[in-house]
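# Analysis of the macromolecular model
One letter stands for each residue in the lines below.
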Amino acid sequence: MRCVVTGGNVKVLAKAVHSLSRIGDDLYVEPQEDGLALRSVNSSRSAYACFLFAPLFFSRYSIPSDHTFRCKMAIKSVQAVFRSLATLEKTVEKCHIELDEQKDRLTFTLHCKHGLLKTHNLSFQDSESLQAVFDKDSCANVFRAQSRLLVDTVVHFPSSLEEVTVSVSDERMWVRNHVEEEAEQSKVMLTELCLASDEFDHFAVKTHNSITFCLKELRGLLVFAESTGLPVSMYFDEPGSPVVLSVTDNVLEGNFVLATLSEDPSLHKNNSKGAHTLPPPPPDDFMNDDIDSYLIAMDTSIAPGPSTAGPSTPPLADPTCSKQSAVAAHRTRTHREEDEEAEEDETDDSDRPPNKKFRSLFFGLVLPPSSQISTQPVMSQEVLASDSEDETQAE
């Protein structure tokens, strides 16, 4: 493969390489008949980017017609070729790229002013075909805006922010920082920007959805789009489906495919209608919300002393009062006799573990029918509170 890049296109090529460095650590190079493809993917395979430079982008472009070749190399080594982007356009007149398969080297030769030549020989290794499967034309929501609009939007978010959430309606788009559900709301700064539909070159919404994706890759594409003056298009369907960010020109095309969270927590909280459509969990499931709330109510209903434990459940008034009277009359009995009486009480109630934490964990496994759920557990809990208080006084 041999190709020559001249003039301002050298800077465009350099910007593309720097944008791909925001995605992954390796640069995949694949010469094709329809142009030179530069690709990258992150280690988790959740972000993919590709730039395809058409033959017209180069002043010279030639590849073997009967041979398919693919290779990859460290993207930092390619970045070193185009190290100074600020002075690249002023000092470099053209760039020769030559692929030598026999020596396993990709050579970049920069022809600078005053006859200065800079040659970079980069080693590479063969690689598999890297291609993401996506169809952006089938997405329900399509937007296109000038890169300056999006740059002015993301500039309000700190550089340490990892993810943003985009929500759309028929006439609006909201961009806000993504906050985890576990985060303490009082210590989190929330930033949200609203963009009207007339600020976009194209605004088509078929489904009102919210998607959350990484901001780092978006910034990388915006750096390239702003330097080239190309508009940015966004395609997405629903949470969990990839979002495609694209820039297109007559001689190049760039696509960034980013994974989105399968469920937007903020949307899940507000969408009460969808929550009611879920089938109710079985009554004996100890992990469902009803049992958890019931256990909380049971824990907070523990009586602080024997004086308040008896009247809460009338059916237990006589046994509890008699037990308390027996304990008060025999305060001089030994600790062994107290343990034997406690074992007899456990036999009458149920085989319950002594530790309250484990009782909560395994409570759902022995949960009675729903008709008894309001009386039976409270009965055993109140007896526990009364015995514990009396035993403490006896000791």
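Given the structure is predicted, the values throughout are model-derived calculations rather than measurements.

Quick look at the overall build of the protein chain now. Helix and strand counts for the protein chain come out as 13 helices and 19 strands. Buried residues in the protein chain amount to 42% of all 395 residues. A separation of at least 24 residues holds for 64% of the contacts in the protein chain among residues at least 6 apart in sequence.

With that settled, consider the packing of aromatic side chains. Summed over all chains, the structure comprises twelve aromatic pairs. Between Phe58 and Tyr61, the aromatic rings sit 5.3 Å apart at their centres with planes inclined by 20 degrees, giving stacked as the arrangement. For Phe58, a relative accessible area of 6% corresponds to the buried category. Ring pairs connect the aromatic residues Phe51, Phe53, Phe57, Phe58, Tyr61, Phe224 and Phe256, which therefore count as one cluster.

Bringing the pairing of strand β16 (residues 210–214) into the picture now. Within a regular beta strand, the side chains point alternately toward one face of the sheet and then the other, so they alternate between its two faces. The element β16 is largely enclosed, with a buried count of four among its five residues. As judged from the five bridges shared by strand β12 (residues 163–168) and β16, these two strands associate in the antiparallel manner. Counterpart to Ser167 in the pairing with β16 is Ser210.

Turning our eyes to something else, we now look at the sheet that holds strand β6 (residues 71–74). Taken together, the ten strands give an open sheet; going across it, the order is β10-β6-β2-β3-β4-β19-β18-β17-β11-β15, and neighbouring strands pair in antiparallel fashion. Here the strands that pair on one side only, and so sit at the sheet edges, are β10 (125–126) and β15 (202–204). Sheet analysis places strand β2 (residues 26–32) next to β6, joined by four bridges and oriented antiparallel. Counted as the bridge partner of Val29 is Cys71 from β6. Strand contacts of helix α5 (residues 215–228): β4 (47–53), β17 (232–236), β18 (243–248) and β19 (252–258), with the helix running at about 10 degrees to β18, the strand carrying the most contacts.

Taking strand neighbours across the sheet as the criterion, the five strands line up as β5-β1-β7-β8-β9 in an open arrangement whose pairing is antiparallel. In this open sheet, the two edge strands, each paired with only one partner strand, are β5 (60–62) and β9 (117–123). On average, each strand axis in the sheet is tilted by 15 degrees relative to the strand beside it, whichever way the strands run. Running at roughly 110 degrees to strand β1 (residues 2–6), helix α1 (residues 9–20) makes contact with β1 and β7 (92–100) of the sheet.

A word on a negative patch on the surface. A contiguous patch of negative charge, built from Asp170, Glu171, Asp198 and Glu199, is present on the exposed surface. Assignment of secondary structure puts Glu171 in the loop between β12 and β13 (172–177). Take Glu171: its relative accessible area is 46%, and that puts it in the partly exposed class.

This brings us to the environment of Val179. Inspection of the secondary structure puts Val179 in the loop between β13 and β14 (192–196). Note: C-alpha distance between Val179 and Glu162 (17 residues apart in sequence) is 10.0 Å.

Bridge count between strand β8 (residues 105–112) and β9: seven bridges; the pairing is antiparallel. By the bridge assignment for β9, His111 is matched with Leu117. Here β8 folds back onto β9, and the loop between the two strands holds four residues, one of which, His114, carries a positive phi near 65 degrees.

Let us look at α1. Here α1 is twelve residues long and its end C-alpha atoms lie 17 Å apart, about the 16 Å a rise of 1.5 Å per residue gives. Of all twelve residues making up α1, nine are buried, and the element is well covered by its neighbours.

Following both chains from N to C, one finds helix α4 (residues 147–154) and α5 inclined at 140 degrees, their axes separated by 10 Å at the closest point. Compared by their axis directions, α4 and α5 come out oblique. As for how α4 packs across α5, the hand of that crossing is left-handed. Side by side, α4 and α5 meet where Ser147, Arg148, Leu150, Val151 and Val154 of the first sit next to Leu215, Leu218, Arg219, Leu222, Ala225 and Glu226 of the second.

A separate point is α5. The first and last C-alpha atoms of α5 sit 20 Å apart over 14 residues, in line with the 20 Å expected at 1.5 Å per residue. Listed in full, the buried residues belonging to α5 are Leu215, Glu217, Leu218, Gly220, Leu221, Leu222, Phe224 and Ala225. A positive phi of about 75 degrees marks Gly229, the residue just after α5.

Conventions and cut-offs
Residues numbered from 1 in each chain as written. Predicted model: local features only at pLDDT ≥ 70, side-chain atom pairs only at ≥ 80, totals over all residues. Heavy atoms only, no water. Helix = DSSP H or I, 4+ residues; strand = E, 2+ residues; numbered from the N terminus. Buried < 20%, exposed > 50% of the residue type's maximum accessible area, 1.4 Å probe, protein only. Contact = heavy atoms within 4.5 Å. Phe/Tyr/Trp six-rings, centres within 6.5 Å; stacked < 30°, edge-to-face > 60°. Pairing = 2+ DSSP bridges. Axes fitted to C-alpha atoms, helices over the stretch in contact; angles between N-to-C directions. Patch = residues over 30% accessible without salt bridge, like charges linked within 9 Å, V, L, I, M, F, W, Y side chains within 5 Å. Areas by Shrake-Rupley, 256 points an atom, 1.4 Å probe, with all protein chains shown as cover. Salt bridge = Lys/Arg side-chain N within 4 Å of Asp/Glu carboxyl O. Lys, Arg positive; Asp, Glu negative; His and termini not counted. Charge placed at Lys NZ, Arg CZ, Asp CG, Glu CD. Expected span 1.5 Å × (residues − 1). Parallel < 35°, antiparallel > 145°, perpendicular 65-115°, else oblique. Left-handed = near helix turned anticlockwise from the far one by under 90°.

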